[in-house]
Amino acid sequence: MKIEHFVVGPVQTNCYFVINDNAELIVIDPGASGNRLAGMAKDKGYKPVAILLTHGHFDHAEGIEDFTNAFGGTDIPVYAHIEEKQTLSDPGINLSAMMQGTGVSYHADVFLKDEQEIELAGFKIRALHTPGHTQGGCCFYFYEENTLFSGDALFAGSIGRTDFPGGSTRDLVRSVKEKCLSLPDATKVYPGHEGYTTIGDEKKYNMFLQ
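Bear in mind that the values here come from a model prediction, so they are computed numbers and not experimental data. (Residues numbered from 1 in each chain as written. Predicted model: local features only at pLDDT ≥ 70, side-chain atom pairs only at ≥ 80, totals over all residues. Heavy atoms only, no water.)

**Q** Where do I start with the packing of aromatic side chains in this structure?
**A** Note on aromatic pairs: each is described by the distance of the centres and the angle between the planes. The tally for this structure, following the rule as stated, stands at 10 aromatic pairs. Seen from their ring centres, Tyr-16 and Tyr-190 are 5.6 Å apart, and the 80 degrees between their planes marks the pair as edge-to-face. Taken together, the residues span a long stretch of sequence, with Tyr-16 in strand β2 (residues 13–19) and Tyr-190 in strand β13 (residues 188–191) at a distance of 174 residues. Taken together, the aromatic side chains of Tyr-16, Phe-123, Phe-142, Phe-149, Tyr-190 and Tyr-196 make up a single cluster linked through ring pairs. Here Lys-42 stacks its cationic end above the ring of Phe-71, 5.3 Å away from the centre of that ring. Between the NZ or CZ atom of Lys-85 and the centre of the ring of Phe-111, over which it lies, the distance is 4.9 Å. (Phe/Tyr/Trp six-rings, centres within 6.5 Å; stacked < 30°, edge-to-face > 60°. Helix = DSSP H or I, 4+ residues; strand = E, 2+ residues; numbered from the N terminus. Lys NZ or Arg CZ within 6 Å of the ring centre and 35° of its normal.)

**Q** Mind showing me how you'd approach the environment of Ala-32 here?
**A** Mapped onto the elements, Ala-32 comes out in the loop between β3 (24–28) and α1 (34–43). Distance from Ala-32 to Gly-137, taken between C-alpha atoms, is 19 Å for residues 105 residues apart in sequence. For Ala-32, the contacting residues outside a window of four places in its chain are Val-8, Gly-9, Leu-37, Glu-62 and Gly-63. (Contact = heavy atoms within 4.5 Å.)

**Q** Mind showing me how you'd approach the pairing of β2 here?
**A** Consecutive side chains of a regular strand alternate in pointing toward one face of the sheet and then the other. Judged by how many residues are buried, β2 sits mostly within the fold: 7 of 7 residues are covered. Residues Thr-13, Cys-15, Phe-17 and Ile-19 of β2 are buried on one face, and the alternating residues Asn-14, Tyr-16 and Val-18, pointing to the opposite face, are buried as well. Bridge count for strand β1 (residues 2–8) against β2 is 7 bridges, and the pairing is antiparallel. Paired with Val-8 across the bridge in β2 is Thr-13. The antiparallel pairing of β1 with β2 creates a hairpin that spans 4 residues between the two strands, and Gly-9 there sits at a positive phi of about 80 degrees. Following β2, the chain reverses through 4 residues before pairing antiparallel with β3; Ala-23 in that reversal takes a positive phi of roughly 65 degrees. (Buried < 20%, exposed > 50% of the residue type's maximum accessible area, 1.4 Å probe, protein only. Pairing = 2+ DSSP bridges.)

**Q** Whenever I open this one, α1 confuses me. Can you help?
**A** Because an α-helix packs 3.6 residues into every turn, residues spaced three or four apart end up facing the same way. All buried positions along α1 are accounted for by Gly-34, Leu-37, Ala-38 and Ala-41. Buried residues of α1 fall within an arc of 100 degrees about the axis and therefore sit on the same side. Gly-45 occupies a position one or two residues after α1 and carries a positive phi of about 75 degrees. (Arc of directions from axis to C-beta.)

**Q** How do you make sense of a nonpolar patch on the surface when you look at a structure like this?
**A** Together, Val-11, Met-98 and Met-99 make up an exposed nonpolar region whose accessible area comes to about 280 Å². Turning to its location among the elements, Met-98 is positioned in helix α5 (residues 96–100). (Patch = residues over 30% accessible without salt bridge, like charges linked within 9 Å, V, L, I, M, F, W, Y side chains within 5 Å. Areas by Shrake-Rupley, 256 points an atom, 1.4 Å probe, with all protein chains shown as cover. Salt bridge = Lys/Arg side-chain N within 4 Å of Asp/Glu carboxyl O.)

**Q** In this structure, what is going on with the pattern of salt bridges? I would like to understand it.
**A** If charged atoms from side chains of opposite charge come close, those side chains can pair. Tallied over the full model, the rule gives 10 salt bridges. One salt bridge in this structure joins Lys-44 and Glu-4, with 3.0 Å as the shortest N-O distance. With Lys-44 in the loop between α1 and β4 (47–52) and Glu-4 in strand β1, this pair connects stretches of sequence that are 40 residues apart. A salt bridge links Arg-174 to Asp-171; the shortest N-O distance between them is 3.0 Å. Taken together, the residues Arg-174 and Asp-171, both in helix α6 (residues 169–180) and 3 residues apart, mark about one turn of the helix. With relative accessibility at 22%, the residue Asp-171 sits in the partly exposed group. What you see here is one network of salt bridges that share partners, running through Asp-114, Glu-115, Glu-117, Arg-126 and Lys-179.

Below is the structure:
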């Protein structure tokens, strides 16, 4: 597994490229600059096979259309949790209306259930439903690589905001404890904003989860 990290958009969202040995690419949260991200993928000869959305807020989903269109509208399926349909489709919930002044609806092609496992680009991935930041927030656990992409559920030393539509501090703390902190301590965590961490460090130092 090779991971490339890009910070995109007005609120400094982390987008990740996950690449296998055959240059097949999984894009996680193409939050903005879809054309630029696509250009970098093309320059490196990557072949996109899927987009994973940890949740449907505009700063994580905005770049989908530009990215896929840059590849000629080819079939690059978008995956999200099944409980995130309303967030994706409703500009008032996905925050595009409030933050951008223009309401936008986003889409996913494949909706996953909690603990559902999929295989993309040879990677085995488990979808972990972590509601609280949004109703259908989801972390993606690449379990053979012991790597978690946590979106806005779990940050280094913190957790996601819960003051947006559909947010709940109680739900987020519970879901992060149950779904994330149960993973091995050595699990590498790649959040939706700011820096990396590990599950072991969050067990020790994250005051929101004590």
